[in-house]
Amino acid sequence: MTTPPPQPAPQAYAQQSAPNWQGAPGTSYTSPIPVTRTHLGHALASEWTKIKSVRSTLWTLGIFLFLVLGGGLFVSAQTEDLNYQDLPFTFPAFIGLLLGQICLITLGVLVTSSEYGTGMIRTTFTASPQRYRVFAAKILVFFAVAFAVSAGSILLVGLLTSSMHSGPEAADLSWGGTVLKGGLYVSLLGVLGLAVGSMLRHSAGAITAMLGIVLLPSILPVFLMISRSTRTLGEKMQEYNAINALAKIFGADGGSTGGSQVWLLVGVTAAAVVGAFALLERRDV
Amino acid sequence: MIEAVGLTKRYGAKTAVYNLSFQVRPGTVTGFLGPNGSGKSTTMRMILGLDQPTTGQVTIGGYPYRKLPNAPRQVGALLDAKAVHGGRHARNHLLCLAQLSGIPARRVDEVLGVVGLQDVAKKRSKGFSLGMGQRLGIAAALLGDPQVLLFDEPVNGLDPEGILWVRNLMKSLAAEGRTVFVSSHLMSEMALTAEHLIVIGRGQLLADMSVRDFISHNSADFARVRTPETEPQQREKLTAALTEAGGQVLPEQDGALRVMGLPLPRISDLAHGADVRLWELSPHQASLEEAYMRMTQGAVDYRSTVDQRAGLQQQLPPGAMPQQQFPAPGQGQPDWYAPPPPQQGGQPFAPPQAAPGGPNPYAAPPQPPAAPAAPAAPADLNKPEDPR
C-alpha cells in the first residue's frame, strides 16, 4: 500500500552526472498512513505483546503455579481440620510461595534485563524515545500479570483447602486479606526485580542481587545477634525479611498480619522504581 | 534532513566523536564511511537519541530525536540486526514495535512481505541467519513509513540477491524524497548506491562531498607500465624520460611502474623516443575503494599484522634454510591499495589543525612527490619487521 515493491531503479540514476543534491527533487516525503498521537496505552499494548510472546514468561509462571498449587495441595492433604483453628485456609500456599517468589523475581528481572541483554532495548527506545513511558508500561503490565497469577493461585489454594477442611474443628478465619496481601507482596518483589534489572541491565547480576535482597536478611540475623552492638539490627532484619514477612501474612506468626512488612516493601520498591526512572533518562543505551 | 552541529562524544578519556558537523539531505542516498572504531555507530546512536552527545547537538527535521512527536513515523533505523529478542517470533517483534507507535497491525504483514520474510513470520528470530536478521531489521525501519531512514551496515550477511534488493530499495526510498543515510564498509556497494559521502576517521570529519568529487580528490588515475624484467637499465631510462616529461613515477612492488600525470599515448611516445620496449601499458581507473583507502589510511585504528606463528614453529634442523614467507597482499601492508599521500610524509594521523570546515588536508589532491618514495616505506605504521 505504501512502500512500493523494490523496483529496479533506472540505471541512469546511478550514472547521473554531477549530483546536484542541493536541489534534490521532492525534498520531503509524506506517508499515507495517518500519524497518531502516541500515549501510554500504546506502550501498554506493546508490552503486553512482548510479555506474552516470550517463553520465559511461560516457564517462570508455569513453575510458579506448579509450586504454589502443587505445594498447596500437598500441604493441604497433609494437614487436618484442627490445624486451621488458628491458621487461614490459604496457609498451604505459603510453602509454595517461599519458592515461587523466586520465579516472579526472575520474570520481573527478565522483563527489562533481557532487552538489554539482547540489544532489543535500542530498538525499543528508537521506537519510543519516551523511555519513561516504556518503563511505566513494563511495570504496569508485569504487575498486573504477576498479581493476577499469584493472587489467583493463592485464592485457588484457599478455596481447595476450605473445601477439604471446613469441618467443625476449623475456625474458618477470614482469609480474603491473605490472598490480596500475599499476592501483593510477591508481585512487589517482582516489580523490585524489574527496577533492579533496569538499573543493573544484566540478567544474571540482577537476579543474584535480588536473591541477596530476599535471602540475606533471613540469614544474617543469626550472626548479627551474636554481638550486642548489632543485635537491634539483627532483630529488625529478622522481623522484616521477605520469608518472615510472608509467614506473617499467612498467619504463621501469631498475632501480626504482616501489614508493616508489606508497607516496607512498598517503600523499598517505590524507591527502586524512582531510582530506575532517574537513571533511565540519563544513561546511554 | 539530519543536521549535526559540533557533535562530540567522550567515553571517559576516549573521544569517540569530535566536533562533527554535517547535513544529510533528502532525495539522495548519503553514504557514511569510516574505518572500524571511527565513530560511525556512535554517531548513529546519537542521531537516534540513544546516546547523549557530550557537546553539540543533532536534529532531525529541526527536532532532537527524543523531542520528535511519534518518532518512528518520521525516522526509521536499522542499527544492529541482532538487536532483537531471539525468543520472539518475527511477526510479534514487529507487532510490538508497531503498537508502540500506533501503527496498524496490517502494516506488519506488509513490511514482512516487502523484506520477503512472510514465510518465516512465525519463526523465532533466534534461528534466523544474519541475512534474515538484516531483513527483519530493515522491516522494522520501514514499519513507520518514515521520511528519514538510517541503516548501519544494511548489506552485512545478505546474499547477492539481497544486496541488489537493498541497493534498489535505498535508491527508490531516496527517489521518493526521503533522507537515506547508510553506513557500509563495502566500497563497491557504496559506489553504486550513494551519491553523497560523509567520511569520518577517529571521530572527525574527513570529507563531506559527492562520490564523484571524493574519488577525484583522493586518488588519481594512473597508468601501469612494465618494462622487460631482464633489462633493469631500461626501467631507469624510462623513469628518467617520464619524469622529465612532467609525469610522476612510482615503482610498484612487482617491478612495474605507476605513472601519473601523463596520458597513455604520451607514455608510449616517450618510451618509443627513449628506445625502451614496453611489456605492459595499461590504464588504471581509480575506484572509490582506493580513494577511501588513501584518505583513511592514517585513521585506521585496527590493522592486521602478519601472522608470524612465532614460537609455534618447529626448530629447523641445523643447516636447513628457513622457507621464505611473503605476506599475502594486504596483510600487514597498509599501503597495498595505494601509496600514502606523499605530502603527509607518512605522518601518523593528526587531528586536522585547520578549522573545521576549512580546507581538509586529506581532501587535497596528492601533490607530486619530491622523490619517488618506495611505496613499502611508510614510516608511521607499526609495520611488522620481517624477523629474518
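The written sequence of each chain sets the order in which its residues are numbered from 1. All chains are assigned letters beginning with A, and all ligands numbers beginning with 1, in the order in which they are written. pLDDT decides what is reported in this predicted model: residues at 70 or higher carry local features, side-chain atom pairs at 80 or more are listed and counted, and totals for whole chains, interfaces and linings draw on all residues regardless. Excluding hydrogens and water, the side-chain figures rest on all heavy atoms present in the structure.

Section: the overall build of chain B
Inclusion rule: Put simply, DSSP marks the helices as runs of H or I at least four residues long and the strands as runs of E at least two long, and each gets a number from the N terminus on. Burial classification: accessible surface area is computed with a 1.4 Å probe over protein chains only, and a residue below 20% of its type maximum counts as buried, one above 50% as exposed, and the rest as partly exposed. Only the protein chains shown count as cover for residues, and all accessible areas are computed by the Shrake-Rupley method using a 1.4 Å probe.
Helices and strands together make up the secondary structure of chain B, namely 10 helices and 13 strands. For chain B, buried positions account for 52% of its 388 residues. Looking at chain B as shown, the accessible area adds up to about 17,400 Å², and 54% of this sits on carbon and sulfur atoms.

Overview of a nonpolar patch on the surface
Residue and element names in this part refer to chain A. How we decide: Patch building starts from residues that exceed 30% relative accessible area and form no salt bridge, then joins like charges within 9 Å and nonpolar side chains (Val, Leu, Ile, Met, Phe, Trp, Tyr) within 5 Å. Just to be clear on terms, a salt bridge is a Lys or Arg side-chain nitrogen sitting within 4 Å of an Asp or Glu carboxyl oxygen.
A cluster of nonpolar residues, Leu215, Leu216, Ile219, Leu220, Val222, Phe223 and Ile226, forms a patch on the protein surface that exposes about 670 Å² of accessible area. Here Phe223 is to be found in helix α8 (residues 203–224). Given the relative accessible area of 53%, Phe223 is considered exposed.

Topic: the packing of aromatic side chains
All names here are of chain A. Quick note on the threshold: Centres within 6.5 Å are what make two rings of Phe, Tyr or Trp a pair, Trp counting through its six-membered ring; a difference in plane orientation under 30 degrees is then read as stacked, over 60 as edge-to-face, and the rest as tilted.
Tallying each qualifying case throughout the model produces eight aromatic pairs over all chains. Measuring from ring centre to ring centre gives 6.2 Å for Phe94 and Phe250, while their planes differ by 35 degrees; the resulting arrangement is tilted. Taken as a pair, Phe94 in helix α4 (residues 92–118) and Phe250 in the loop between α10 (242–249) and α11 (259–282) lie far apart in primary sequence, 156 residues in all. For the residue pair Phe94 and Phe250, the accessibility class agrees, reading buried in each case. Between Phe143 and Phe147 the ring centres are 5.8 Å apart and the planes differ by 15 degrees, which places this aromatic pair in the stacked class. Here Phe143 pairs with Phe147, and both are found in helix α6 (residues 131–165), just four residues apart, close to one helical turn.

Examining the environment of Gln130(A)
Selection rule: It only takes one pair of heavy atoms within 4.5 Å for two residues to be counted as in contact.
Locating Gln130(A) in the fold gives a position in the loop between α5 (120–127) and α6. For Gln130(A), a relative accessible area of 15% corresponds to the buried category. A sequence separation of 129 residues divides Gln130(A) from Gly259(A), and the C-alpha atoms of the two residues are 36 Å apart. In this view, Gln130(A) contacts Arg66(B) and Leu68(B); residues no more than four positions away in its chain are not counted.

Focus: the nonpolar core
For the record, the criterion: What we call a nonpolar core is a set of buried Ala, Val, Leu, Ile, Met, Phe, Trp, Tyr and Cys residues that are connected through their side-chain atoms within 4.5 Å.
Counting residues in hydrophobic clusters, the biggest one holds 146 residues, and the most contacted among them are Phe151(B), Phe181(B) and Phe214(B). Counting residues per element, this core draws most heavily on α6(A), which supplies 12 residues. If we skip the residues at most four places from it in the chain, Phe151(B) touches Met44(B), Leu78(B), Ile138(B), Ala141(B), Met170(B), Leu173(B), Val180(B), Phe181(B), Val182(B) and Ser183(B). Ranked by size, the runner-up nonpolar core spans 14 residues in total, among them Val249(B), Leu257(B), Leu262(B) and Val276(B).

Some details on the interface of chain B and chain A
Rules: By convention, the term buried area covers the 1.4 Å-probe accessible surface removed from two parts as they join, with the contributions of both added. Two N or O atoms form a polar contact when they lie within 3.5 Å of each other; inside protein one atom must be a possible hydrogen donor and the other a possible acceptor, and for residues adjacent in sequence the pair counts only when both atoms belong to side chains.
At the interface, 59 residues of chain B touch 56 residues of chain A. Approximately 5,200 Å² of surface area, both sides summed, lies buried where chain B meets chain A, with 56% of it carried by carbon and sulfur atoms. Contact with chain A buries surface across chain B, with Leu50(B), Arg66(B) and Leu100(B) losing the most and accounting together for 15% of the total. Linking chain B with chain A are two salt bridges, by the criterion used here. Residues Arg66(B) and Glu281(A) are paired through a salt bridge, measuring 2.6 Å at the closest nitrogen-oxygen approach. Applying the counting rule to chain B against chain A returns 21 residue pairs in polar contact (both at pLDDT 80 or more). For the side of chain B that touches chain A, the elements supplying multiple residues, two or more each, are β1 (2–11), α2 (90–100), α3 (106–114) and α5 (160–175) of chain B. Among the elements that take part in the side of chain B that touches chain A, α2(B) stands out by supplying seven residues, more than any other.

Some words on the pattern of salt bridges
Side chains carrying opposite charge are able to pair once their charged atoms draw close together. For the coordinates displayed, the defined rule picks out 20 salt bridges over all chains. Here Glu110(B) ties to Arg107(B) by a salt bridge, and the two come within 2.8 Å at their closest N and O atoms. On the criterion of helical spacing, the pair formed by Glu110(B) and Arg107(B) is a turn pair, its members being three residues apart in helix α3. Ionic contacts of the salt-bridge type, sharing partners, join the residues Glu47(A), Lys50(A), Glu115(A) and Lys138(A) into one network.

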